[in-house]
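# Overview (structure and organization)
This is what each chain is made of:
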Amino acid sequence: MVISINNLVKRYGDLVALDHLSLEVQEGEILGLLGPNGSGKTTAINCILSLLKYDKGEIRVFDRPMAPDAYDIKRNIGVVMQNVAVFNELTVQENINYFCGLYVPEKEKRKQYVEEAIDFVGLGEFRKFYPKKLSGGLLRRLNIACGIAHHPKLIILDEPTVAVDPQSRNNILEGIERLNREGATVVYTSHYMEEVEQICSRVVILDKGRIIANGNKEELKNMISLGERITVETSVLSTGLLSALKNMPGVETAEYDGKQLVIKSAKGKNTLENTLDFLKKENIAYGRIYSEMPTLNDVFLQLTGTELRD
Amino acid sequence: MQVFKLCMKIIRKNKAAMLVYVLVFLGIAILISRITAQHPVTSAFSTAKANVAFFTEENTPLVTGIKQELSKSSNFVKIEDNTEALQDALYFRQVTYIVRIPKGFTDKIMNGEKATLERTTVPDSVYGTYIDMKINRYLNMASLYVNSVPGISQEKLVSDLKDDMGKSALVTMTSAKKANDSEKPFTAYYFNFLAYVLPAVLIFGISIVMQIMNEKDRRSRTFCSPISPKSYNAQLIFSIGFLAVACWAVLILPCAVLDPSHFFQQSTWYLVLNSFVFLLASLGLGFLISIFVQGMSAVSALANICTLGPCFIAGVFVPQAFLGSTVLKVASFTPTYWFVKVNDTLASTTHFSYDVLSPVYGDILIELAFAAAFFAVGLAGSKRKRLET
């Protein structure tokens, strides 16, 4: 077990940030930690890293109790913070060397690690640049390089792709998958559901300091009552026809905004064929029509009652 | 030593700004110190000259001798010789003393008779009494010579009187205090001006290092690594100490070049010791400000208040002797006051016995107490801030 959290409670005055949180992270997995703002993701990470004291519970990392002075454990953890934490007075290379030097005292070994990290995040041509000269995406890559240069066994990334352009985001995600393939266990928090769907082998959804869902993508999708979602582009649909649609077998909800009709099917029901028959029978003109299976966003919406990015 | 190396890099990166501080302050300090040394503030005695109208109705070597003697303490003013002009001159203080040598005066002196001069002076004038004393002394001595050396010529009499009146006694001061404060060397002024330069540079330097190193995200990121807070703080303190000692050395060494004759005297070593203790107080102040003040513009503003303010009220720019007791009482709540007080005491001291130095050590201990208080408050504030975050 790489991380084992048992019954963790953290309070800020009257506010319960973590409410008896229990979680395990297995070796070699990429765990996605999802939750709306204030759900306790960053608090949980800070507790795991012993940056925060907690009120109750136990945290074990690499099967040993985690504490502020557990330096042997910390030596094997790589951290990429939500906010870019680099020094503007140091170049790209010097920044990576500084953070790597906190873990790796041997100069020669460190030199090699720094070069590998620079190559890994693709900052070779920017090695002599100061952070102020880097774009947002490159800064994020530098932040990641500073966190992973020392070859950690566990990497914790707290929203590493915030305010990053799509190209840089893809580079970062590919890099994380590569690190995982090379043997690192990853804990990844993000606001972007599609990122989590893309790279995480298991997803934990946090809300108000509690775990409300825990499993792989398919397991999570099976947790909710929704089935496929059919979207029809049409500008002619009367209230009567909409009511008729809602009463069709297998339909959970049907909503029409004057341009688009969205039909959500009940779990395990397929209503695409019936919908097409209905449109033909009622002679309703339509443009595009497409069907989607529920996404993690739907799961999140149904479980928390809020959009992830709200 | 990653943290120490990083701090050194931050200092090197900002060295230009610090060097500008050092050079500008050093330039101003040297300039002001030089000017002050050339125009010293003095409390010692020096003779003032009275404005005297001198009229004579005979022209003899003795009269010339009297006039020459009077010229040492008088400025002769030419005035028309009539009653109204003389009265106006006295009334408007154009002159404070009028002396007239009547005809036959020299003969009376040479014959050992009593001779009088006509003297008119402003009532209750200090100058009048002073010139009276000079003339009486001269004439008494002349009578003494005439009575003691019968047949003495006027030339010989005037020559002997000139020798006697010009003699002065050699006095050796046994007091530890210098006889004349105007002897205060350049070094003493220079060290006083350190009270401005040293805290200003240190507040700037320490604040830069502390603000960069203690920025919340960077600090959190650093403490995710296997570095202990003890090691981190030790390296931080070591780098700041290194900066402080380097600044101190850079600011003190020019004095050895500019005033080598005084720099290697015993008193200078006490000044150096005092400046080192003041360095600790300045370090404490810099630490305190860097803990409680966010942003370099706020630090700069506060640094100016904390360095310039005490310099004005504690005797750096205006000597303590000229400052009111209330001002000095307020100033005594700053380490600058005690630093300047020790410097001034040392500058006016010749013997360094225990009796002389014990109050100096007392004042230095007060400076140390300021340093300890600054550090204690700073550490308490730092701990509180850490707990809050």
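Just so it is clear, the model here is predicted, and its values are computed rather than measured. (Residues numbered from 1 in each chain as written. Chains lettered and ligands numbered in written order. Predicted model: local features only at pLDDT ≥ 70, side-chain atom pairs only at ≥ 80, totals over all residues.)

A word on the overall build of chain B. A tally of helices and strands in chain B yields 16 helices and four strands. For 389 residues, the compact-globule estimate of 2.2 N^0.38 gives 21 Å, and the C-alpha radius of gyration of chain B, at 33 Å, exceeds that figure by more than 25%. With the principal axes as the frame, chain B shows a C-alpha extent of 110 × 45 × 35 Å. Looking at chain B as a whole, 33% of its 389 residues are labelled buried. (Helix = DSSP H or I, 4+ residues; strand = E, 2+ residues; numbered from the N terminus. Rg over C-alpha atoms; globule rule 2.2 N^0.38 Å. Buried ≥ 20, exposed ≤ 12 C-beta atoms within 10 Å, placed from the backbone.)

Interfaces are frequently sized by the accessible area removed from exposure as the parts join. Facing 17 residues of chain B, the contacting portion of chain A comprises 18 residues. Per-element tally for the side of chain B that touches chain A: the top contributor is helix H9 (residues 216-223) of chain B, with six residues. The residue inventory of the side of chain B that touches chain A, partitioned by class, reads seven nonpolar, five polar and five charged. (Contact = placed C-beta atoms within 7 Å. Nonpolar A, V, L, I, M, F, W, Y, C, P; charged D, E, K, R; others polar.)

All names here are of chain A. Strand order in the open sheet formed by four strands is S12-S13-S11-S14, and the pairing between neighbours is antiparallel. Whereas interior strands pair on both sides, the edge strands pair on one side only; in this sheet they are strand S12 (251-256) and strand S14 (289-292). Along the sheet, successive strands turn relative to each other by an average axial angle of 15 degrees, direction set aside. By the bridge criterion, five bridges tie S12 to strand S13 (residues 260-266) in an arrangement that is antiparallel. Among the inter-strand pairings, Ala254 is bridged to a residue of S13, identified as Ile263. (Pairing = 2+ DSSP bridges. Axes fitted to C-alpha atoms, helices over the stretch in contact; angles between N-to-C directions.)

This part covers the domain arrangement of chain A. Taken domain by domain, chain A consists of domain 1 (3-221) and domain 2 (225-293). Look at where the C-alpha atoms of domain 1 of chain A and domain 2 of chain A centre, and you get two points 42 Å apart. (Domains from an automatic or database assignment.)

Turning to the nonpolar core, a few remarks are in order. Ranked by internal contacts, the top residues of the largest apolar core, which has 145 residues, are Ile48, Ile96, Ala145, Ala149 and Val186 of chain A together with Ala195 and Leu198 of chain B. In terms of residues, this core owes the most to one element, helix H8 (residues 186-213) of chain B, which gives 20 residues. Ala195 of chain B has contacts with Phe278, Cys311, Val316, Thr336, Phe339 and Val340 of chain B, leaving out every residue within four places of it along the chain. Counting residues in hydrophobic clusters, the runner-up holds 21 residues, among them Leu62, Leu90, Ile109 and Tyr127 of chain B. (Core = buried A, V, L, I, M, F, W, Y, C linked by C-beta atoms within 7 Å.)

In this section: the domain arrangement of chain B. Domain boundaries assigned for chain B yield domain 1 (2-42 + 183-388) and domain 2 (50-166). Put simply, the middle of domain 1 of chain B and the middle of domain 2 of chain B, counted by C-alpha atoms, are 60 Å apart.

On to the packing of H8 of chain B against helix H15 (residues 335-347) of chain B. For any two helices packed against each other, the geometry comes down to the angle between their axes and how far apart the axes lie. All names here are of chain B. Where H8 meets H15, the closest approach of the two axes is 9 Å, and the angle between their N-to-C directions is 175 degrees. The orientation of H8 with respect to H15, classified from their angle, is roughly antiparallel. Across the interface between the two elements, Ala188, Phe191, Asn192 and Ala195 of H8 pack against Thr336, Phe339, Val340, Asn343 and Ala347 of H15. (Parallel < 35°, antiparallel > 145°, perpendicular 65-115°, else oblique.)

We now examine H8 of chain B. Think of an α-helix as 3.6 residues a turn; residues three or four steps apart then line up on the same face. End to end, H8 of chain B covers 40 Å across 28 residues, agreeing with the expected 40 Å (1.5 Å per residue, within 8%). Leu194 of chain B marks the point of greatest bend in H8 of chain B, at about 35 degrees. (Expected span 1.5 Å × (residues − 1). Bend = angle between axes of the 7 residues up to and from the residue.)

Glancing now at the packing of H8 of chain B against helix H13 (residues 296-313) of chain B. Residue and element names in this part refer to chain B. Running from amino to carboxyl end, H8 crosses H13 at an angle of 160 degrees, the nearest separation of the two axes being 9 Å. Relative to H13, H8 is oriented roughly antiparallel. Where H8 crosses over H13, the two elements pack in a sense that is right-handed. Residue-level inspection shows Ala195, Tyr196, Pro199, Ala200, Ile203, Phe204 and Ser207 of H8 in contact with H13, the latter providing Met296, Val299, Ala303, Cys306, Thr307, Leu308 and Cys311. (Left-handed = near helix turned anticlockwise from the far one by under 90°.)

Attention shifts here to the sheet that holds strand S5 (residues 64-65) of chain A. All names here are of chain A. A sheet is described by the order of its strands in space; here four strands give the open sequence S2-S1-S4-S5, paired in antiparallel fashion. The open sheet terminates on both sides in strands that have one partner only, identified here as strand S2 (15-25) and S5. Bridging between strand S1 (residues 3-12) and S2 involves seven bridges; their strand directions are antiparallel. Across the sheet, the residue bridging to Arg11 is Val16, located in S2. Packed onto the sheet, helix H1 (residues 41-48) meets S1, S2 and strand S4 (56-61) and runs at close to 65 degrees relative to S2.

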